[in-house]
Amino acid sequence: KQWYQRRVAITAGGVLDIAGFEYFELNSFEQFCINYCNEKLQQFFNSRVIREEQELYRAENLGVTEIQFSDNQDCIELIERGLVLLDEEAKLPQSCEKHFTRLLHDQNKRHFRLQVPRKSKLSTYKTMLDEEGFIVRHYAGAVCYNTAGWLDRNSESLHSSLEQLMLTSNSALVAGLYSDIDDVKCNQRKMVHDSVSGKFKKQLNILLEKLQGTATNFIRCIKPNQHMSPTKFEGGKVLNQLISLGMVTALELMQAGYPSRITFTELYLMYSTRLPAKLKTLHPRVFCSALFRAIGMSPNDYRFGVTKIFFKPGKFAEVDMLLNSGTEHLAQMISKVEKWVLCQRWRRVQYAVLAFNKWNKIARWRIGCIVAIQKNARMWEARKLYQPRIRGVRAIQDSMTKISVMIEIANNIKYERESVLAEIESMRTFLTNEMLQLKAGQVHTDLIAQKLGEVEEQVKLLLTKIKETQCSDKERQVQEEKLRQIQVAMEAERKRKEEEERLRKIEEERLAEERRIKRELEEKRMKELEEEKKRVEEENKRLEAEKEQLEKEKKVREEKEREEAMKKDQEERDRMIALSISEDNKATVVKEEDLNKKETKVILDKNNIKDWKYTELRDCINTSCDVELLEIAREEFHRRLKAYQGWKTNKKKKTDQAKPDLPMSEAPAVPDKPKERKQHRLFKVPFVYPSYRNPSVRGWWYAHFYGQWIVRQLEIHPEKAPLCFLAGRDD
């Protein structure tokens, strides 16, 4: 490339800046066209950088390993079919984008590059209907396109009257923009139908045709991150871009191949002006080989093709730098080239001598082959002459082997053996005489076949006669054998019947023994079954008795638990009554006469309250209106309850020592403490809440004070249920 830039005048140059691969959340017709352009340019890059390079390696027989790359031709064809369907949809009377999308999906159901939006991995496109868009798998990734408004964006329809109006404009610029419109065509139609996709496709094809005729260099731009931040690289995304753009494949091809190349003639012409006269006559290929050997270049750094020399990256620049380093260095190189040429010519002379010796050996080998061929030809002629005699002798020898077979057969004959052996001996003598005549050449060649036929016929006749004799002899032997076999069979039948009778008796004895054993086993089994049945019945009776005993114990235990539970409940009720005595002070309405009698009795027995029963204390606490008597009854009840709780605690601690129950009436009396006289007070207060609908309606609040504490209080509301609060419960 450096040599080309130095010697070729560059007349023109161009820079093509293309839009990158676009992928947004909402992708429409513009992104579809831009990505279509990127697909075409990516295909041009693959063709120019990878496919053409590998085709050149194959044409030059370099033997470079072929690199596989991704071909996006199917994606381009899919996009072009989609653009054609979009143009056809625009020509329909009732065209719409949904019909276009459905038609695109129906015609490309099994296409690898096309997919419906609901199958996307992104949740944004899963809600999109199939007729609202489609997904295309581009070389750089999958993109979901929304087809809404594509027909309007693809249309470039312009009324003919508007075109005529632009042509008649006074502005030269405006009129020049529409100067290429055919007036006749405009008069024939009212509307000019054209599409953006058609124009875009036509312009793109023109651009690619221009690129095909140029020497193209590529500059790939990589987006380092998604945030547009400097000095920040996202390794995964950068690597994904390099793989998608085919840079990895191109680098693999460059590493495995030879990117720098030049023809033999061009390299020879570059340095021919500096060569001496005796080296200018060299062939360019020989000169290049001598040059690389002279400068000490490794054979792995370059490769000779059919018409060009190929170099590894950077090696051709090293060669050019060495050759242009100076006059002294160039003179040393030329001397090395001359030396290599002389060595090469000497090697050729050596190869010529070796080749001459090799061809000399080949010539001698050919002479030996010719002699062998002549020898075999003479042998074939002699064999042709003596072959009938040889065949005759061999046929008689074969017949002699049959004579030995005949003798073996005759030895097995029981009757007429001597006569058969005499005939065989005479046949052997005859064959021996015939064989001696053939060996001596006394029989003419043409009569040998006839003679052999006669000999073979006589041998066959003798063999047939011997076989017939053998058959008759065998028949006699067969008859004798049959008689002997009949006798043997009769003897065997007699022995068989005796053996059957013996076996029958043995079988009868065995069956009788088996029946006896079976009967004994059956009796034993029945006896065991009866014993097992009795044992099971006894076991069932025992289990039923145990079950009844367990049920009785369970009932007794449940009765005890019930009594204990009732006792605990009674104790709990007594404790709760003791705690809530201060709360329950409701008076019972009784007749005045009975009340006077009760009070009179209470007054009489007030000093002997320790002798009162539990029920009398409870009734006094619940019904009495005498505050002093009520206070004394409560103290007595608390004293008895405290004594009972102490006795119960001691009983739990000393479970091993049983103590008699101690009635509450016999509990030791607690010495009376001087009690402060507390005053009972009752209050009745009216109140009005702001939430009442009728302000004139009032509520009432009742309170019972014992000393400074509220024992109970009651709220009566006119619009809801009354509320009662007791001390100790609703604190």
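None of these values were measured; they are calculated from a predicted model.

The rules we used
- Residues numbered from 1 in each chain as written.
- Predicted model: local features only at pLDDT ≥ 70, side-chain atom pairs only at ≥ 80, totals over all residues.
- Heavy atoms only, no water.
- Helix = DSSP H or I, 4+ residues; strand = E, 2+ residues; numbered from the N terminus.
- Buried < 20%, exposed > 50% of the residue type's maximum accessible area, 1.4 Å probe, protein only.
- Contact = heavy atoms within 4.5 Å.
- Areas by Shrake-Rupley, 256 points an atom, 1.4 Å probe, with all protein chains shown as cover.
- pLDDT = per-residue confidence, 0-100.
- Pairing = 2+ DSSP bridges.
- Phe/Tyr/Trp six-rings, centres within 6.5 Å; stacked < 30°, edge-to-face > 60°.
- Lys NZ or Arg CZ within 6 Å of the ring centre and 35° of its normal.
- Axes fitted to C-alpha atoms, helices over the stretch in contact; angles between N-to-C directions.
- Parallel < 35°, antiparallel > 145°, perpendicular 65-115°, else oblique.
- Left-handed = near helix turned anticlockwise from the far one by under 90°.
- Nonpolar A, V, L, I, M, F, W, Y, C, P; charged D, E, K, R; others polar.
- Patch = residues over 30% accessible without salt bridge, like charges linked within 9 Å, V, L, I, M, F, W, Y side chains within 5 Å.
- Salt bridge = Lys/Arg side-chain N within 4 Å of Asp/Glu carboxyl O.
- Lys, Arg positive; Asp, Glu negative; His and termini not counted.
- Charge placed at Lys NZ, Arg CZ, Asp CG, Glu CD.

Caption draft 1: Here's a closer look at the overall build of the chain. Of the regular secondary structure elements, the chain holds 22 helices and 12 strands. Sorting the 731 residues of the chain into buried and exposed places 27% on the buried side. Across the chain, the fraction of contacts at a sequence separation of at least 24, relative to all contacts at a separation of at least 6, is 62%. If you sum the accessible surface of the chain, you get close to 52,500 Å²; carbon and sulfur atoms cover 55% of it.

Caption draft 2: Summary view of the confidence of the model for the chain. For the chain, mean pLDDT is 78; residues scoring 70 or higher make up 84% of the total. Across residues 658–673, where pLDDT falls below 50, the model places 15 contacts with residues more than four positions away in sequence or in other chains.

Caption draft 3: Examining the pairing of strand S12 (residues 723–726) more closely. Relative to S12, strand S11 (residues 709–716) runs antiparallel, the two being bridged by 4 bridges. Bridge pairing in S12 links Glu-715 to Leu-723. Between S11 and S12, which follow one another and run antiparallel, lie 6 residues.

Caption draft 4: Just the packing of aromatic side chains, in detail. According to the stated counting rule, one finds 15 aromatic pairs in the structure shown. Residues Phe-44 and Phe-218 carry aromatic rings whose centres are separated by 5.9 Å and whose planes lie at 55° to one another, so their mutual orientation is tilted. In this pair, Phe-44 sits in helix H2 (residues 29–59) while Phe-218 sits in the loop between helix H10 (196–212) and helix H11 (235–244), placing the two residues 174 residues apart along the sequence. On the basis of relative accessible area, Phe-44 is assigned to the buried category, the value being 5%. An aromatic cluster is built from Phe-29, Phe-32, Phe-100, Phe-134, Tyr-145 and Trp-150, whose rings are joined through pairwise contacts. Over the ring of Phe-112 we find Arg-137; its NZ or CZ atom is 5.1 Å from the centre of that ring. Sitting over the ring of Tyr-258, Lys-312 keeps its end group 4.6 Å from the ring centre.

Caption draft 5: Summary view of the packing of H2 against H10. Relative orientation of the contacting elements H2 and H10 amounts to 20°, with a least axis distance of 11 Å. With respect to each other, H2 and H10 are oriented roughly parallel. When the axes of H2 and H10 are compared, the crossing they make is right-handed. Contacts between H2 and H10 involve Phe-29, Cys-33, Tyr-36, Cys-37, Lys-40, Leu-41, Phe-44, Arg-48 and Glu-52 on the former and, on the latter, Val-196, Ser-197, Phe-200, Lys-201, Leu-204, Asn-205, Leu-208, Leu-211 and Gln-212. Classifying every residue of the contact of H2 with H10 by side-chain character gives 11 nonpolar, 3 polar and 4 charged.

Caption draft 6: Looking closely at a negative patch on the surface. On the surface, Glu-558, Glu-561, Glu-563 and Glu-564 cluster together into a negatively charged patch. Relative to the assigned elements, Glu-563 resides in helix H19 (residues 445–579).

Caption draft 7: Expanded view of the sheet that holds strand S2 (residues 133–138). Taken in spatial order, the 3 strands line up as S1-S2-S3 in an open sheet, and their pairing is antiparallel. A single partner strand is all that each edge strand has here, and the edge strands are strand S1 (114–115) and strand S3 (141–146). Note that S2 and S3 share 6 bridges and pair antiparallel. When the bridges of S3 are listed, Phe-134 appears paired with Tyr-145. Helix-sheet contacts for H2 involve S2 and S3, and the interaxial angle to S3 is about 150°. Contacting S1 and S2, helix H4 (residues 97–107) crosses the sheet at an angle of about 45° to S2.

Caption draft 8: Quick peek at the pattern of salt bridges. Under the counting rule described, the total for this entry stands at 30 salt bridges. In this structure, Arg-113 and Asp-74 form a salt bridge, with 3.3 Å as the shortest nitrogen-oxygen distance. Highlighted residues: Arg-113 in the loop between H4 and S1 and Asp-74 in helix H3 (residues 73–90), separated in sequence by 39 residues. We classify Arg-113 as buried; its relative accessible area is 8%. Between Arg-510 and Glu-514 there is a salt bridge, with its nearest N and O atoms 2.3 Å apart. In this pair, Arg-510 and Glu-514 both sit in helix H19, 4 residues apart, roughly one turn of the helix. You can call Glu-514 partly exposed: its relative accessible area is 40%. Salt bridges linked by common partners bring Lys-98, Arg-102 and Glu-131 together as one network.

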